[in-house]
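Residue-level structure breakdown
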Amino acid sequence: MPSDTVTPPVGRSLVPLGLFLLAAQSYQLVAFPNFLDSLQTEPGWHLSPSAAGLIGSTAFLGVLAGVHAAVALARRLGLRQATLAALLWLTLWSGACALATAPWQLGLLSMLAGIGTGVAFPLTLSLVKDSATRIGAARQNAAPKGRRARADAATRARRSLALVPLGIPIAGFVAQNTAGALPVENAWRLITAMGAGLGIIAVALCLWLLPRGTDVSVLAPDQDGHREPGRRVIVWTGALVIGANLIAWSGLTGLASVDLRFNAALSAGAVVAIFVVACTAIHRNGTSTSRSETARATMAFILLYPPVTVLTAAVVLSLLAGQPLSFVMPLIGVWIADGYLRSLTLCAAPRVLELRSHPALQERVGTLADAGHITPLPPPFHPGPACDGEFTTPPRPNLP
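Nothing here was measured: the structure is a model prediction, and the numbers come from that model.

This next bit is on the overall build of the protein. For the protein, the helix and strand inventory stands at 15 helices and 0 strands. Taken across its 400 residues, the protein has 50% of its residues classed as buried. For the protein, restricting intrachain contacts to residue pairs at least 6 apart in sequence, the fraction spanning at least 24 positions comes to 82%. For the protein, the accessible area works out to roughly 19200 Å², and carbon and sulfur atoms hold 65% of it.

With respect to the helices, strands and loops of the structure, Trp-104 is situated in helix H6 (residues 103-142). The class of Trp-104 is exposed, set by a relative accessible area of 59%.

Here the second largest pocket is characterised by a volume of approximately 370 Å³. Pro-33, Asn-34, Asp-37, Ala-179 and Ser-326 are, among the 22 residues lining the second largest pocket, the residues nearest its centre. Of all the secondary-structure elements, those providing two or more residues to the lining of the second largest pocket are helix H2 (36-40), helix H8 (167-181), helix H9 (187-209), helix H11 (258-284) and helix H14 (325-348). At 4 residues, H14 tops the list of elements feeding residues into the lining of the second largest pocket.

Attention now goes to a nonpolar patch on the surface. On the surface, Val-272, Phe-275, Val-276, Met-299, Leu-303 and Leu-304 cluster together into a nonpolar patch covering about 480 Å² of accessible area. Sorting the residues of the nonpolar patch by element identifies H11 and helix H12 (291-303) as the ones contributing at least two each. Among the elements that make up the nonpolar patch, the one with the highest residue count is H11 (3 residues). Turning to its location among the elements, Met-299 is positioned in helix H12.

Right, let's get into the packing of helix H1 (residues 14-31) against H14. Following both chains from N to C, one finds H1 and H14 inclined at 130°, their axes separated by 9 Å at the closest point. Taken together, H1 and H14 sit at an angle that is classed as oblique. Here H1 runs over H14; the crossing is right-handed. Along the contact surface, H1 presents Ser-26, Leu-29 and Val-30, while H14 presents Val-334, Ala-337 and Leu-341.

Moving on, we get to the nonpolar core. Ranked by internal contacts, the top residues of the largest apolar core, which has 90 residues, are Leu-39, Leu-106, Leu-125 and Tyr-340. Top contributing element to this core by residue count: H6, with 12 residues. Filtering out sequence-adjacent residues up to four positions away, Leu-39 remains in contact with Phe-32, Trp-45, Leu-47, Ala-52, Leu-106 and Trp-188.

A full pass over the atoms with the stated rule returns 5 aromatic pairs. A ring pair is formed by Phe-60 and Tyr-340, whose centres lie 5.1 Å apart and whose planes are at 75°; its orientation type is edge-to-face. Highlighted residues: Phe-60 in helix H4 (residues 58-77) and Tyr-340 in helix H14, separated in sequence by 280 residues. Taken together, Phe-32, Phe-35 and Phe-262 form an aromatic cluster joined through their ring pairs.

With that settled, consider unusual backbone geometry. Residue His-46 is not a glycine yet carries a positive backbone phi of 55°. Mapped onto the secondary structure, His-46 falls in the loop between H2 and helix H3 (49-56).

For the rest of this paragraph, the subject is the environment of Leu-127. Relative to the assigned elements, Leu-127 resides in helix H6. For the pair formed by Leu-127 and Val-352, sequence separation is 225 residues and the distance between their alpha carbons is 9.2 Å.

Take the pattern of salt bridges next. Taken as a whole and judged by the stated rule, the model has 2 salt bridges. The residue Glu-42 makes a salt bridge to Arg-189 at a minimum N-O spacing of 2.9 Å. In this pair, Glu-42 sits in the loop between H2 and H3 while Arg-189 sits in helix H9, placing the two residues 147 residues apart along the sequence. Assessed through its relative accessible area of 18%, Arg-189 is described here as buried. One salt bridge connects Arg-342 with Asp-338, and the closest N-O pair in it is separated by 3.2 Å. Of this pair, Arg-342 and Asp-338 both sit in helix H14, 4 residues apart, roughly one helical turn.

What counts, and where the lines are drawn
Residues numbered from 1 in each chain as written. Predicted model: local features only at pLDDT ≥ 70, side-chain atom pairs only at ≥ 80, totals over all residues. Heavy atoms only, no water. Helix = DSSP H or I, 4+ residues; strand = E, 2+ residues; numbered from the N terminus. Buried < 20%, exposed > 50% of the residue type's maximum accessible area, 1.4 Å probe, protein only. Contact = heavy atoms within 4.5 Å. Areas by Shrake-Rupley, 256 points an atom, 1.4 Å probe, with all protein chains shown as cover. 1 Å grid on protein atoms, 1.4 Å probe; cavity = no way out; pocket = protein on both sides within 12 Å on 5 of 7 lines; lining within 4 Å. Points joined across faces, edges and corners; volume = space filled by probe spheres on them. Patch = residues over 30% accessible without salt bridge, like charges linked within 9 Å, V, L, I, M, F, W, Y side chains within 5 Å. Salt bridge = Lys/Arg side-chain N within 4 Å of Asp/Glu carboxyl O. Axes fitted to C-alpha atoms, helices over the stretch in contact; angles between N-to-C directions. Parallel < 35°, antiparallel > 145°, perpendicular 65-115°, else oblique. Left-handed = near helix turned anticlockwise from the far one by under 90°. Core = buried A, V, L, I, M, F, W, Y, C linked by side-chain atoms within 4.5 Å. Phe/Tyr/Trp six-rings, centres within 6.5 Å; stacked < 30°, edge-to-face > 60°.

Written as structure tokens, this is what we have:
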């Protein structure tokens, strides 16, 4: 990985920037649950609800590949450059999706766009966590003696990681309202093109605001018991996604609800992967000691999260208001996209989602925040030639 020169972080724009970046990255995933009516009216395609859902599910395979390539790409290019490359890739293929002329083209292009989402998601969270930690350390160091800063570095990082993922449900609400306001014909093309436009804005904001030479300590190689996922994890996760979606596509065609058939084929594999991958990651990284603790930690990871709370409230209020199933299912699709992205990130880059800062980062943030460089450590002690290799201390006197 190329060496990076540390420059000041984005400051007060950190959380708004992170919100927008995650909204732009997840937009294509959360917009597709609104495409059923438009795809069925596309001339010459003749798509059934299940077939339309299966086409959209290819994006989840792209996300799987992208998440597991994110860490290696960040180590090779640097965190800022890798994030920009992922956003450019996502924007390019999102725009190409809007020009698809056949169902297989839409599926393939959606999968390619999903790679960009998978790469960008953990890298963006890593940027937010690292920058928030630096800001907290800088404010602690700048606080007058005898006064504490409003939040220490670890607390600021936790708050940022709790707020920034709210960009995913925001993107879902925007996509749903936009789809309802557009005419059915070609609505999916217009919404997809809007996602590409969000990507262009995201790239411009990153070029302007992202700190140059951002550290990658939360993506550093394993040093504290974390185990990185192997190829087998990627293969069987992909098999789960493909298998569950094929079953939903071929075996649930008898469902009475058109929306259920569409969303079952779209999200079945992702739902299975959320629970299995999150449970496996929690168990592999040693954060629980028994099966019951692993199960409880998995449910807490999936359900106790700000975006999930917002979406649960929205679904309950929609049902109480008598909204049709076609209005509620896209909200559930947003929850699935959020859980899928976070579970894969927990598997591929577990330190990014840790509530505590990594010890190596905690040790360095004080010197990194203001000085702009790492203060050299004192040289190690080397005994002189007269030393016989033994270090002794004088005997302690006997206590009375």
